[in-house]
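Per-entry structural report
Read off the chains here:
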Amino acid sequence: MRIDVLGAVRAFHEDGSPVDLGGPRHREVLARLVAAEGRMVTTDSLVDDLWSDPPARAVGALRTFVAALEPDRPPRNPPRVLVTEGPGYALRLPREDVDVHRFQDTLARVRRNPAAVTDLGTVLADWRGPAYADVTGSAWAQRERTRLEELRSEGVELRARILLDSGEGAELVAELGAHVTEHPWREPAWGLLARALYRAGRQADALATLRRARAMLVDQLGLDPGGDLQRLEADILNGAAPLEGARTAWTGPGVRLGPRTTVDLARTLALAGGGALVHSRRDRLAAVQAAERTGDLSLTARIIGAYDVPAIWSRADDPEQSRAVVAAAERTLTGLGPDGPADLRARLLATVAVESRSADLSGTEPKRAQQAARQAEALARDLADPALLAFALNGVFLQSFSSPGLAAVRDRIGAEILDLSTRHELPNFAVLGRLVRLQSASALGDLDAATSHAKAAEQLAATTEAPLVPVLTGWFRARATAARSAEPGGPTAATAAAHYRAAEDALRTAGMPGLHRGLFPLALLGLRLLHDRPAPTDPHLDWGPYRPWARPLVLLAQDRGEQARTALAAVPEPPRDHMQEALWCLTARAAVRLGERGIAAQAEAALRDACAEHAGAASGMLTLGPVARYLAEAEACAGAG
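Residues numbered from 1 in each chain as written. Predicted model: local features only at pLDDT ≥ 70, side-chain atom pairs only at ≥ 80, totals over all residues. Heavy atoms only, no water.

1. Some words on the side chain of Arg345
Its location among the elements puts Arg345 in helix H15 (residues 342-355). Asp339 provides the closest opposite charge to the buried, unpaired Arg345, separated from it by 7.2 Å. (Helix = DSSP H or I, 4+ residues; strand = E, 2+ residues; numbered from the N terminus. Buried < 20%, exposed > 50% of the residue type's maximum accessible area, 1.4 Å probe, protein only. Lys, Arg positive; Asp, Glu negative; His and termini not counted. Salt bridge = Lys/Arg side-chain N within 4 Å of Asp/Glu carboxyl O.)

This is how it looks when you write it as structure tokens:
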């Protein structure tokens with residue numbers, strides 16, 4: 001079967017003949033499952049999406065719709081396209097057989113390899129109108145249409161930029177003219193149109209286009225054109241040829257939709273993960289900068305505070321962007337003053353706390369970030385705003401890594417976030433609450449409780465379409481397998497390593513470099529320590545931010561004792577983040593192996609309050625085993641002699 005949704009929802013048999021999809025409900029079921037991109041959608045979610053007021057026999061009607069969508073299946077043969085999975089249904093088709101998936105994959109490929117631009121032109125031509133055009137009145141469809149229209153605009157602009165950069169593109173004038181008319185706030189599109197006009201020998205029209213862009217931006221948004229458009233105008237005035245050197249900046253989707261619209265869209269895209277998450281961060285910063293240029297403090301505060309995307313990891317994915325956002329939030333707080341609107345101040349303070357991750361404080365002093373978290377929480381409680389309080393508690397959580405051994409504290413924060421989100425229907429923060437509690441239970445060695453939270457988070461993710469959750473819970477299951485591999489009769493270490501490898505493959509494209517880099521080697525090192533084996537020495541392993549703490553053990557595994565001693569002497573104190581207990585344990589193990597009593601004593605003092613926890617397990621993603629084991633070794637070494 002082949003399915004098209006970029007326009008009316010259609011399906012085709014393998015011979016190319018159309019499939020009779022029946023009525024609109026059948027098409028909507030199919031479209032909803034396409035939008036889930038292979039993930040299971042629960043029966044309850046499908047019923048809620050199909051009916052605003054579900055009839056008594058809604059589930060039976062849904063089963064009838066699902067059965068009708070694979071009419072050629074022989075009796076008693078299991079379904080191959082629409083399969084029952086757990087408490088719901090999933091669409092099982094190769095991605096190349098669904099036009100929207102084919103489009104998204106091609107766009108991602110061209111981002112990596114511009115030489116594939118011809119393929120991008122082909123999939124853009126497959127659009128026959130708005131996505132899911134005949135699925136009306138559904139909130140999920142509207143969200144999906146908005147997301148895909150942004151990706152479509154990105155595709156149009158990316159293709160034009162590549163062609164213009166390669167010396168082609170004069171024929172793009174009509175296409176880009178229509179694109180700018182439809183999306184007048186997209187500043188990069190104006191630059192591309194001007195370049196195409198100039199390429200076609202229409203210098204005066206190119207200059208007129210840039211002046212129109214300036215007039216519209218100034219008159220309607222109070223914004224001056226960005227530096228890229230100004231430089232392009234200067235190049236055209238100077239007759240620069242052929243403008244390959246003045247390439248239009250690529251800023252991702254939606255930079256000039258207007259600041260509030262842009263940040264709302266960025267917030268939506270952030271929850272989708274992958275490339276959309278990367279672009280959402282970029283768009284969010286562009287919206288903040290545009291708002292600041294207006295000089296309107298209230299607008300700027302609303303734009304900064306609107307990006308209340310739940311954050312689970314204590315290391316920033318883009319530290320430079322985080323520093324810029326924190327700086328803008330602090331400037332705006334200063335401008336508003338202590339008597340400014342409490343809700344705006346609370347959101348700005350929560351933003352400072354969330355963006356000043358524990359592992360990379362983005363230029364903020366640790367005490368300032370912790371103070372911002374407490375102030376945001378207090379203001380949100382006074383305002384009795386559940387969504388604001390959930391956001392503020394997210395900041396409190398990310399600032400709760402001040403010292404080792406605080407898993408129980410974080411569990412209480414996660415429990416409140418979960419309770420608040422459940423009572424006030426805040427599904428994205430409910431996912432956060434579950435993941436915080438998963439991490440806390442993992443740190444405390446309670447794998448049963450952690451597994452329960454993982455399952456609940458996955459069920460929530462199925463209804464909220466949060467694709468990053470299974471990536472994180474997949475790592476937790478690998479961590480659990482690793483822990484059991486050290487028990488009698490448990491899985492082998494090789495099996496645990498294979499689970500880690502599968503989890504690493506899923507994380508690679510998730511758009512979370514702050515989490516991804518160095519995690520897999522650290523997991524393998526933890527697995528080897530569980531089995532009393534030396535550290536992995538593969539030179540291709542990228543240890544990322546964990547290299548200083550792993551290096552002494554890697555050198556010891558290579559029988560390079562003196563170099564290991566030198567490396568251990570240079571090891572810094574671990575950052576205050578999810579991995580601090582793990583990194584202290586690595587320091588302790590190396591100190592014990594090398595007989596460095598002073599360093600062993602330092603590690604012992606740091607780990608004392610974490611004696612009931614498991615090293616690295618606060619991440620919910622890996623484990624080095626019980627902290628008590630490393631603590632006992634360090635105490636013995638420090639007290640020797």
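Past the structure itself, the notes keep going.
2. Some remarks on the environment of Gly561
Mapping Gly561 onto the fold places it in helix H26 (residues 561-569). In this structure the C-alpha to C-alpha distance between Gly561 and Arg593, which are 32 residues apart in sequence, comes to 9.5 Å. Residues contacting Gly561, with those up to four places away along its chain left out, are Leu556 and Leu594. (Contact = heavy atoms within 4.5 Å.)

3. Description of the packing of aromatic side chains
For the structure on display, the rule yields 4 aromatic pairs. Each ring, one from Phe397 and one from Phe401, has its centre 5.7 Å from the other, and the planes form 70°; the classification is edge-to-face. With respect to burial, Phe397 and Phe401 carry one shared label: buried. Geometry around Tyr630 places Arg629 over its ring, the cationic atom sitting 5.8 Å from the centre. (Phe/Tyr/Trp six-rings, centres within 6.5 Å; stacked < 30°, edge-to-face > 60°. Lys NZ or Arg CZ within 6 Å of the ring centre and 35° of its normal.)

4. Thoughts on the environment of Ala640
Locating Ala640 in the fold gives a position in the segment after helix H29 (627-639). A residue is classified by how much of its surface remains accessible, and Ala640, at 35% relative accessible area, is partly exposed. Distance from Ala640 to Arg597, taken between C-alpha atoms, is 7.7 Å for residues 43 residues apart in sequence.

5. Some thoughts on the pairing of strand E5 (residues 88-91)
In summary, the side chains of a regular strand alternate between the two faces of the sheet. In E5, alternate side chains face the same way, and those of Gly88 and Ala90 on one face and Tyr89 and Leu91 on the other are all buried. Where strand E3 (residues 41-42) and E5 come together, 2 bridges link them in antiparallel fashion. The residue of E5 that forms the bridge with Thr42 is Gly88. The pairing of strand E4 (residues 82-85) with E5 spans 4 bridges and is classified as antiparallel. By the bridge assignment for E5, Thr84 is matched with Tyr89. (Pairing = 2+ DSSP bridges.)

6. Points about the nonpolar core
Trp475, Tyr500, Met579, Leu586 and Leu624 are the most contacted members of the largest nonpolar core, which totals 112 residues. Residues in contact with Leu624, not counting those within four places in the same chain, are Gly526, Leu529, Leu530, Ala582, Cys585, Leu586, Ala615 and Tyr630. Ranked by size, the runner-up nonpolar core spans 75 residues in total, among them Met1, Val47, Ala58 and Leu164. (Core = buried A, V, L, I, M, F, W, Y, C linked by side-chain atoms within 4.5 Å.)

7. A few points about the sheet that holds E5
Spatially, E3-E5-E4 is the arrangement adopted by the 3 strands of the open sheet, whose pairing is antiparallel. The strands lining the two open edges of the sheet, one partner per strand, are E3 and E4.

8. Focus on unusual backbone geometry
Its identity is not glycine, yet Ala384 carries a phi of approximately 55°, on the positive side. Within the secondary structure, Ala384 sits in the loop between helix H16 (366-383) and helix H17 (386-398). With phi around 55°, Glu425 is a residue other than glycine that occupies positive phi space.

9. Comments concerning the environment of Arg374
With respect to the helices and strands, the residue Arg374 is situated in helix H16. The exposure class of Arg374 is exposed, given its relative accessible area of 53%. The spatial distance from the C-alpha of Arg374 to the C-alpha of Val396 is 6.8 Å, given a sequence separation of 22 residues.

10. Remarks on the confidence of the model for the protein chain
When pLDDT is low, close inspection of the predicted coordinates is not appropriate. Residue-level pLDDT values for the protein chain average 86, and 89% of them are 70 or greater. The model gives residues 244-266 a pLDDT under 50, and that stretch makes 82 contacts with residues more than four places away or in other chains. Residue range residues 268-273 is modelled with pLDDT below 50. Its contacts to residues more than four positions away, or to other chains, number 19 contacts. (pLDDT = per-residue confidence, 0-100.)

11. What about helix H7 (residues 173-182)?
Among all positions in H7, only Val173, Leu176, His179 and Val180 are buried. Down the axis, H7 shows its buried residues gathered within 130° of arc, on one side only. When the buried face of H7 is taken as reference, the exposed residues oriented beyond 90 degrees from it are Ala174, Thr181 and Glu182. (Arc of directions from axis to C-beta.)

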